[in-house]
Amino acid sequence: MQISSRSLPIASSTLRTLITELGSECQNVTALIYQLQSPHLSARQQAEILAELLSATIHLNVHCGDDFQELIAEEMEKLPDDDEQ
């Protein structure tokens, strides 16, 4: 399932893009984990999958840094407070 940035109810286009990219990378990680679960992997295949998984987790770590977290917090602050309604 591909995530479309247009379907996200987020005001910030930057945050929409980052969330879409995060979803894609998470799908990639999930696919790599499923590949690792294959019972008939050669050592070379396992090493290739692990290398891709390492790269993906580094990307996720960088992607989900302070700037991303700040954009999410700013978006949350824009939401109406349900308690006030």
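Check the entry above for the structure.
Because the structure is a prediction, the values reported are computed rather than measured. (Residues numbered from 1 in each chain as written. Predicted model: local features only at pLDDT ≥ 70, side-chain atom pairs only at ≥ 80, totals over all residues. Heavy atoms only, no water.)

(A) Geometry of the overall build of the chain. Counting secondary structure elements, the chain contains three helices and zero strands. Put simply, the chain runs from its N terminus to its C terminus through helices and strands in the order α-α-α. Considering only intrachain contacts with a sequence separation of at least 6, the fraction spanning at least 24 residues in the chain is 60%. Accessible surface, the chain as shown: approximately 6500 Å² in total, 54% of it carbon and sulfur. (Helix = DSSP H or I, 4+ residues; strand = E, 2+ residues; numbered from the N terminus. Contact = heavy atoms within 4.5 Å. Areas by Shrake-Rupley, 256 points an atom, 1.4 Å probe, with all protein chains shown as cover.)

(B) Quick peek at helix H2 (residues 43–63). With 21 residues, H2 extends 30 Å from end C-alpha to end C-alpha; this agrees with the ideal 30 Å at 1.5 Å per step. Taken as a whole, H2 has its buried residues at Ile-49, Leu-53, Ala-56, Leu-60 and His-63. Axial view of H2: buried residues confined to an arc of 85°, hence all on one face. In this structure, H2 carries Ala-43, Arg-44, Leu-54, Asn-61 and Val-62 as exposed residues pointing more than 90 degrees from its buried face. (Expected span 1.5 Å × (residues − 1). Buried < 20%, exposed > 50% of the residue type's maximum accessible area, 1.4 Å probe, protein only. Arc of directions from axis to C-beta.)

(C) Just a negative patch on the surface, in detail. There is a patch of like negative charges on the surface, built from Asp-66, Asp-67, Glu-70, Glu-74 and Glu-77. With respect to the helices and strands, Glu-74 occurs in helix H3 (residues 66–78). (Patch = residues over 30% accessible without salt bridge, like charges linked within 9 Å, V, L, I, M, F, W, Y side chains within 5 Å. Salt bridge = Lys/Arg side-chain N within 4 Å of Asp/Glu carboxyl O. Lys, Arg positive; Asp, Glu negative; His and termini not counted. Charge placed at Lys NZ, Arg CZ, Asp CG, Glu CD.)

(D) Highlighting the packing of helix H1 (residues 13–36) against H2. Following both chains from N to C, one finds H1 and H2 inclined at 155°, their axes separated by 10 Å at the closest point. When the axis of H1 is compared with that of H2, the two are roughly antiparallel. Read as a crossing pair, H1 and H2 show a hand that is left-handed. On H2, the residues that touch Leu-18, Glu-21, Leu-22, Glu-25, Cys-26, Asn-28, Val-29, Leu-32, Gln-35 and Leu-36 of H1 are Gln-46, Ile-49, Leu-50, Glu-52, Leu-53, Ala-56, His-59, Leu-60 and His-63. Each residue belonging to the contact of H1 with H2 can be placed in one class, and the counts come to eleven nonpolar, five polar and three charged. (Axes fitted to C-alpha atoms, helices over the stretch in contact; angles between N-to-C directions. Parallel < 35°, antiparallel > 145°, perpendicular 65-115°, else oblique. Left-handed = near helix turned anticlockwise from the far one by under 90°. Nonpolar A, V, L, I, M, F, W, Y, C, P; charged D, E, K, R; others polar.)

(E) Molecular detail of the packing of H1 against H3. For the pair H1 and H3, the least separation of the axes is 10 Å and the interaxial angle reads 125°. Our classification of the angle between H1 and H3 gives oblique. Two packed elements cross with a definite hand, and for H1 against H3 that hand is left-handed. Mapping the contact onto sequence places Thr-14, Leu-15, Leu-18, Ile-19 and Leu-22 in H1 and Phe-68, Leu-71, Ile-72 and Glu-75 in H3. Residues belonging to the contact of H1 with H3 are distributed by class as follows: seven nonpolar, one polar and one charged.

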